[in-house]
Amino acid sequence: MEKLVIRGGAVLSGTVRIGGMKNAALPILYACVLVKGKCVIENVPDVRDVTMSIDILKDMGAKITRTAPTTYEIDCTDVRPGTSRPELVRKLRASYYLLGAELGRFHKAHVSLPGGCNFGGKRPIDQHIKGFEALGAKVTVETDEETESGSVDCDAPDGIIGDDVFFDTVTVGGTMNIMLAAVTGKGNTMIENAAREPHIVDLANFLNTCGAKISGAGTDVIKIRGVKELHGSTYAIIPDMIEAGTYMIAAAATDGCVKIENVIPKHLEAITAKLEDVGVIVEELDDAVIVTGRGQVNATRLKTRPYPGFPTDMHPQMSAMLTRAHGTSIVVEGVYENRFKYAEELKKMGADITVNGHTAVISEVDALHGAEVEAVDLRAGVAMVIAGLIAEGETTITNIVYIERGYDDIVGKLTALGADIKKIDD
Ligand code: EPU
């Protein structure tokens, strides 16, 4: 079994370059299904969720060539609907983008229910289904309680017909899936209470370069004028704000000074504001931020919210840093039903955390100590890396495939910043 071993205490310094955003790359890869022709996608991160998605698309008949470490040529002309391999699709959440993409291109879709990080609470797709139905599709979900597996079937024999879709809850995946289904539909679609994340804008920009007519992405009302078909294009994915935020916290937590390059500082505003709030210096440049620690950070209160609020994908990392903050911090999860499975792991390292429903109370301890801990999901796993960096002694992290789903070469990047971290195969 592969593990990460970290010896804590290093003060991070130097420069780290951020890769393309996983959560933008995934929908854009699946969006290629809508295009009869060749798309060239640049700045694609080298992470497991991307590799699995490429495998899923190849299985379905896509011709995909990696022409450079972060560039893929993708031709989905010969893709066949309903041919994604269930055992692969079930491994990642983003495979649900195949529903919107197949429905948009073929007016029918058949996809196994998606997997992805298990946060300990429900992750329904009822809003995606409600949206597809509003666009004229008949949706059938089959689930097997015993095996917890199942599939979703969508059928729109009269084609996709634009309409208004009002989401009851702000959903990133739902917003993107409806965009995918509607771009080549008949007439106009309006998504209200849409998610506003930068990756929604990135998907809209990609689709527009392929000939789609989407406006309003980045606001809570997105308008889509259906077009007959999409053509191929060349597109570069935006930088990953969560990878950037993770290195910002690693720098701050170790009291280091790190320049984080290839970022869009605007996307990092909620993270920057929270770091400044706890006493860290963040200097914004055009496409970089420099994070400088100033000794022990102060405690804070934070609540995760959809963009532009503090991202849910950043709170485990923040909690790891706050274990050593001066005073008592309160972290409230405002997006998911539960995302605190990592608290038990941090406790193994000496952290003082109490979780009650959606709230974690983190009280100051003098030091964390190394321990064997598990990456219980992607961001929880990287929170263990941050805890390991500030702990006394050696920390071993198991189940690191979760971390590799979303972080490209984390060992190489942290080592270059001075961390004592290695991957071992036990
Ligand atoms: N929700 C519903 N019904 C739906 C859809 C969502 O109730 O039909 C609820 C969810 O249960 C959750 C909330 O709405 O409580 C938000 O879920 P959302 O749909 O926005 O999340 P997602 O699309 O499943 C994506 C990212 C997540 C990230 C969230 C929130 C991908 C592949 N995943 O998930 O990324 O946490 O948006 O920003 O893009 C990660 O990268 O670590 C990760 C988990």
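Refer to the structure presented above.
Just so you know, these numbers come straight off a predicted model, no measurement behind them.

Calculation notes
- Residues numbered from 1 in each chain as written.
- Predicted model: local features only at pLDDT ≥ 70, side-chain atom pairs only at ≥ 80, totals over all residues.
- Heavy atoms only, no water.
- Axes fitted to C-alpha atoms, helices over the stretch in contact; angles between N-to-C directions.
- Helix = DSSP H or I, 4+ residues; strand = E, 2+ residues; numbered from the N terminus.
- Parallel < 35°, antiparallel > 145°, perpendicular 65-115°, else oblique.
- Left-handed = near helix turned anticlockwise from the far one by under 90°.
- Contact = heavy atoms within 4.5 Å.
- Buried < 20%, exposed > 50% of the residue type's maximum accessible area, 1.4 Å probe, protein only.
- Polar contact = N/O pair within 3.5 Å; in protein donor to acceptor, adjacent residues only side chain to side chain.
- 1 Å grid on protein atoms, 1.4 Å probe; cavity = no way out; pocket = protein on both sides within 12 Å on 5 of 7 lines; lining within 4 Å.
- Points joined across faces, edges and corners; volume = space filled by probe spheres on them.
- Nonpolar A, V, L, I, M, F, W, Y, C, P; charged D, E, K, R; others polar.
- Domains from an automatic or database assignment.
- Core = buried A, V, L, I, M, F, W, Y, C linked by side-chain atoms within 4.5 Å.
- Disulfide = S-S within 2.5 Å.
- Near = heavy atom within 4 Å.
- Areas by Shrake-Rupley, 256 points an atom, 1.4 Å probe, with all protein chains shown as cover.
- Sits in = over half its atoms within 2 Å of the grid points.

## What about the packing of helix α1 (residues 22–31) against helix α4 (residues 97–106)?
Item 1. Here α1 crosses α4 at 25°, and the two axes come no closer than 9 Å. Here α4 runs roughly parallel to α1, going by the angle between their axes. Relative to α4, α1 is oriented so that their crossing is right-handed. Packed against α1, whose contacting residues are Leu26, Pro27 and Tyr30, the element α4 presents Tyr97, Leu98 and Ala101 at the interface.

## Comments concerning the environment of Val361
Item 1. Among the structural elements, Val361 can be located in strand β20 (residues 359–363).
Item 2. The partly exposed category is assigned to Val361, whose relative accessible area is 29%.
Item 3. When sequence neighbours within four positions are dropped, the list of residues in contact with Val361 reads Thr328, Ser329, Ile330, Asp352, Ile353 and Thr354.

## Observations concerning the side chain of Arg105
Item 1. Residue position: Arg105 is located in helix α4.
Item 2. Reaching out from Arg105, the side chain makes a polar contact with the backbone oxygen of Val33 at a distance of 2.9 Å.
Item 3. In this structure, Arg105 is in contact with Val33, Leu34, Val35, Lys36, Cys76, Thr77 and Val79, ignoring residues within four places of it in sequence.

## A word on the layout of surface pockets
Rolled over the atoms, a probe sized like a water molecule indicates the empty space that remains.
Item 1. In this structure, the largest pocket encloses a volume near 1,100 Å³.
Item 2. Taken together, 46 residues form the lining of the largest pocket, with Tyr96, Arg123, Val172, Val335 and Tyr336 sitting closest to its centre.
Item 3. Broken down by secondary-structure element, the contributors of at least two residues to the lining of the largest pocket are α1, α5 (126–134), α6 (172–182), α8 (241–253) and α12 (378–390).
Item 4. It is α1 that contributes the most residues to the lining of the largest pocket, four residues altogether.
Item 5. Of the residues assigned to the lining of the largest pocket, the class counts are 21 nonpolar, 11 polar and 14 charged.
Item 6. Shared between two domains, the lining of the largest pocket takes at least three residues from each, and those domains are domain 1 (2–19 + 239–425) and domain 2 (22–236).

## Digging into the nonpolar core
Item 1. Core analysis: the largest hydrophobic core is formed by 152 residues, its most contacted members being Phe206, Leu207, Ile260, Leu275 and Ile397.
Item 2. There are two domains that each give this core at least three residues, and those are domain 1 (2–19 + 239–425) and domain 2 (22–236).

## Some points on α6
Item 1. Of all the 11 residues making up α6, 10 are buried; the element is thus mostly covered by neighbouring parts of the structure.
Item 2. Among the residues of α6, those classed as buried are Gly173, Gly174, Thr175, Met176, Asn177, Ile178, Met179, Leu180, Ala181 and Ala182.
Item 3. The opening residue of α6 is Thr171, an N-cap whose side-chain oxygen sits 2.8 Å from the backbone nitrogen of Gly174.

## Some details on the state of the cysteines
Item 1. Tallying each qualifying case throughout the model produces zero disulfides.
Item 2. The thiol sulfur of Cys210 is not disulfide-bonded, and the nearest other cysteine sulfur, from Cys39, lies at 4.5 Å.
Item 3. Owing to a relative accessible area of 0%, Cys210 belongs among the buried residues under this scheme.

## Notes on the site of the ligand
Item 1. Near the ligand you find 25 residues, and of these Tyr96, Gln127, Thr171, Asp313 and Val335 are the closest.
Item 2. Taking Gly173, its main chain carries an N or O atom lying 2.8 Å from an oxygen atom of the ligand.
Item 3. With respect to the ligand, the side chain of Arg379 contributes an N or O atom lying 2.8 Å from an oxygen atom.
Item 4. Surface burial for the ligand is 91%, taken as the share of its 830 Å² of free accessible area covered by protein chains.
Item 5. Applying the majority rule of atoms within 2 Å of the grid points places the ligand in the largest pocket.
Item 6. Listed by contribution, the elements that provide at least two residues to the shell around the ligand are α1, α5, α6 and α12.
Item 7. Ranked by residues supplied to the shell around the ligand, first place goes to α5 with three residues.

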